[in-house]
Each structure stands twice: as C-alpha cells, then as structure tokens.
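# Results of the structural survey
The chain contents come next:
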Amino acid sequence: MTTATTPVRTTERPSAPAARPRRRRSGLGKRLELALLLGPALLLFAGFVLVPIGIAGFYSLFQWNGFGPLDKFIGLDNYVDAFTGAVFQGAIAHNLIIAGLSIVVQLPLSIGLAMLLNRKLRGRAVLRALVFAPYVLSEAITAVIWVQMLQPSGFADQVLKGVGLGGLIHQWVADPGIVLYTLFAVITWKYIGFGIILLLAGLQGVPAELREAAALDGASAWQTTRHVVLPLLGPTIRIWIFLSVIGSLQLFDVVWIMTLGGPANASTTMATYLVDHGFKRYEFGFGSAVAVILFVICFVFALLYQRFALRRDTEGALTRMVG
C-alpha cells in the first residue's frame, strides 16, 4: 500500500510596511485636527488673558497716569507701596473675612436648604425657583435694591420695628463696624441660590439604596447624613468652596455700588482698591501692580487647591488621547 505525498506549499504572508506610513499619516492628521480645533481658542486665550496680564505686569513697573508716554521706571516700588499700605492690607483682610464667612456660614446653610429642598415637598419646584431667583439678578440691580432697603427708616428698619426688634436698627452701610457684615448678608442673599442648586445636583448622585441600607442597619437620620450623604457630596462641596473663595477674592460689583469701599475704607476690597487708584486717581501704574497682585493671589490659591483638594476628584476623570 503506497501513499502519495503531495508537497505542502507554504505561502509566506507579505509584510505590511504600509502600516507605519498609515500611523504617521494618522498622527499627523490628529495633530492637524487638534491645531484646527484648539488654535482659535488658544489665540483668544492668549489675546484676552495672557497678553493683558503681561501688559499689566509691564505697566506696573512704571509711575504712569494713563496718558501719554510712560513717565518713569520705578521697578517694584508700586508693589512695595501696595503691600506696605494700611488700606491695601485692610482690603486683603476684608476679602479673607468674606471668604471665611462664606465657608462658615453659607456652606452649612446651603447644604441644609439643599437637603430640605431635595425632599418630596408640596410646591418644591416653586421653592427652588424662589431660592434661585436672586442669583439671576445682576449685581448692579441687587446692590441698588439693597441700598434702598437699608436706608435709614427704610424697608429693613420698618420690618425690624414691626416685629419688635427696633433696638437692632443701625446705620447699615454707614457704620464702619458692621458695614462689611451687612455686605456679606447681601452677598449671601444674592449667591446662596447658586450653591443650593449646585448641591441639589450633587444630591441627585447619592443612591437612595445607600440611605435605605443605612436605615435598615439602624442608623439615624443624622448618622446617615454624616457618614453617607456628606462623603458622597464631597466633590460638589469642594467645587463650591473653590468657586466661593475665588468669588470672594474678586468681589467688586456689590461693594462698589453700595459703599464705594467706605465708610473710611471699612469695606474696601482688593478690586475696589484697584479701581479707586487705577481709574479714579489715575494711578495706572500702581493700579496695574494691584491687579497683578490680585491675579497672583487667585492663581496661587487655584494651583494649591487643585493640588491638595481637587486632585482626588480629578484623578479618575482625566482622559488620555490614544494614538
């Protein structure tokens, strides 16, 4: 018995040297796509952010009134004058006080109201709209409304008299001892709606199953809130703190319209100090130095907060380009 063996032909697969050019072409295409998509945004960012910052830093080195050629190069004297001036030191302190009060007062109040409005209440949508309504108003309208209500014998004084609290009546925007706290009350009324809406959005991400499981384990309402709701609400709270502190450092509109930084600089902030010296007194070099200082303070805070507070929230959210 014989078997016929047929030779097995082996065919070698041709190599595909064209893969590399394809990758190169795809990589080049992605770079062109990124350039086309990011180019306009980068140009706008450079033109309206980086260039003005550089120009302000350049003007801050001169003694200049804003008209004609630059007067005299004085180096860092404007910065020294700003930091050694008692009014600017007080302005920094006022910004920090507003930021601290925002965290200590606005944050617990916002969390409490957000958790209340997150429940199934009759007229909940109307209540949410009423809470958010002040935030829709512009800062100028808010300041004008409250200036009129806080006038002597105005609406606020009449309300206090009507409820038997006439002894609490003060010169709300003319008393240096309380004007800053009066402004903080107005700011709280204006911006607390934004914090409540932000926290309500964060509460939507808290699974109801976790609350039910905690209740089945015998946890009280406070224990459930303390150990379940607030930890899951942490990323939203950290974002709110960041926005609140940055807004407090840049506070201008409400203060400028209501008090102009007075009386006796009792409500001056860094932004009102900048505008007062830069535009009212025509000290553009000095005002540019204050603007640079304000930018550096906000920038450093943003970097540090991103590094130590927001890093845990952004590590898992970053995406990488594959290519």
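What this report covers is the structure whose coordinates are included nearby.

Contact geometry of helix α7 (residues 179–203) with helix α10 (residues 234–249) gives a least axis separation of 9 Å together with a crossing angle of 160°. One finds that α7 runs roughly antiparallel with respect to α10. Where α7 crosses over α10, the two elements pack in a sense that is right-handed. The segment α7 lies against α10, with F194, G195, L198, L199 and G202 engaging T236, I237, I239, W240 and L243. Residues belonging to the contact of α7 with α10 are distributed by class as follows: seven nonpolar, three polar and no charged.

Before going further, it helps to examine the nonpolar core. Grouped together as the largest cluster of nonpolar side chains are 38 residues, with contacts concentrated most on F88, I237, I241, M270 and V290. Looking at this core, the elements with two or more residues in it are α2 (77–84), α3 (86–117), α7, α10, α12 (270–280) and α13 (284–308). Examining the composition of this core, we find that eight residues originate from one element, α13, more than from any other. Non-local contacts of I241, meaning those with residues more than four positions away in its chain, are made with I103, L107 and Y305. Formed by 17 residues, the second largest nonpolar core is a distinct cluster that contains L150, A156, W172 and V254.

Parameters at a glance
- Residue positions are given per chain, counting from 1 as you read along its sequence in written order.
- Totals for whole chains, interfaces and linings use every residue, but because this is a predicted model, local features are given only for residues with pLDDT of at least 70 and side-chain atom pairs only at 80 or more, for both listing and counting.
- For the side-chain quantities, the full set of heavy atoms in the structure was used; hydrogens and water were omitted.
- Only the stretch in contact is used when fitting a helix axis, every axis being a line fitted to C-alpha atoms; angles between N-to-C directions are given from 0 to 180 degrees.
- Comment: elements are numbered from the N terminus, with helices defined as DSSP H or I runs of at least four residues and strands as E runs of at least two.
- With respect to orientation, any angle under 35 degrees is reported as roughly parallel, any angle over 145 as roughly antiparallel, any angle of 65 to 115 as roughly perpendicular, and every other angle as oblique.
- When the near helix sits turned anticlockwise from the far one by under a right angle, the crossing is termed left-handed; a clockwise turn instead gives a right-handed crossing.
- By definition in these notes, contact holds between two residues if any of their heavy atoms fall within 4.5 Å.
- When residue character is reported, Ala, Val, Leu, Ile, Met, Phe, Trp, Tyr, Cys and Pro are called nonpolar, Asp, Glu, Lys and Arg charged, and the others, Gly included, polar.
- Definition used in this section: a nonpolar core is a set of buried Ala, Val, Leu, Ile, Met, Phe, Trp, Tyr and Cys residues joined via side-chain atoms within 4.5 Å.
- Only protein chains enter the area calculation, which uses a 1.4 Å probe; residues under 20% of their type maximum are buried, those over 50% are exposed, and those in between are partly exposed.

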